[in-house]
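Observations on the three-dimensional arrangement
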Amino acid sequence: QVQLVESGGGLVQPGGSLRLSCAASGTMFRINVMGWYRQAPGKQRALVARITSAGSANYADSVKGRFTISRDNAKNTVYLQMNSLKPDDTAVYYCNAEYLTYGLNTLYAWGQGTLVTVSS
């Protein structure tokens, strides 16, 4: 079983920056994909960005050019650098991992979420 621990959320003014981190631990053969999702009040959880073990990344249209996802495979850690933040980016951000067990089953893990508030 894999556990994900997020950090780096907080309050930031519009136009500011934040960096989120998510570290995975536990028993696994390999983590295939790591990603960030967010859920704003009254809205469904939605993909922000995801990155494969090879470094291929995808972004939601709303964050392209402002957010950058990166990954340290040796540390099983994924990062989300968020620049030019807008009030619409306010949400709880969740880390997600798709991983393989030693039995080669594909499972998914979620972090507990970290709140990002963009406000003046």
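Refer to the preceding data block for the structure.
Residues numbered from 1 in each chain as written. Predicted model: local features only at pLDDT ≥ 70, side-chain atom pairs only at ≥ 80, totals over all residues. Heavy atoms only, no water.

1. Re the state of the cysteines
Two cysteines form a disulfide when their sulfur atoms are joined by a covalent bond. This structure, assessed with the given rule, holds 1 disulfide. Disulfide pairing is shown between Cys22 and Cys95; the S-S distance is 2.1 Å. Residues Cys22 and Cys95 are joined by a disulfide whose S-S torsion is about -85 degrees; by sign, that bridge is left-handed. Of this pair, Cys22 sits in strand β3 (residues 18–26) while Cys95 sits in strand β9 (residues 91–100), and the two are 73 residues apart along the sequence. Cys22 sits in the buried class, given a relative accessible area of 0%. (Disulfide = S-S within 2.5 Å. Helix = DSSP H or I, 4+ residues; strand = E, 2+ residues; numbered from the N terminus. Buried < 20%, exposed > 50% of the residue type's maximum accessible area, 1.4 Å probe, protein only.)

2. Here we look at the pairing of strand β5 (residues 46–52)
By the bridge criterion, 6 bridges tie strand β4 (residues 30–39) to β5 in an arrangement that is antiparallel. Residue pairing for β5: Gly35 is matched across the bridge by Arg50. Connecting β4 to the antiparallel partner β5 that follows it, the hairpin turn spans 6 residues, and Gly42 within it adopts a positive phi of roughly 80 degrees. Pairing of β5 with strand β6 (residues 57–59), which is carried by 3 bridges, proceeds in the antiparallel orientation. Bridge pairing in β6 links Ile51 to Ala57. The loop that links β5 with its antiparallel partner β6 comprises 4 residues; one of these, Gly55, has a positive phi angle of about 95 degrees. (Pairing = 2+ DSSP bridges.)

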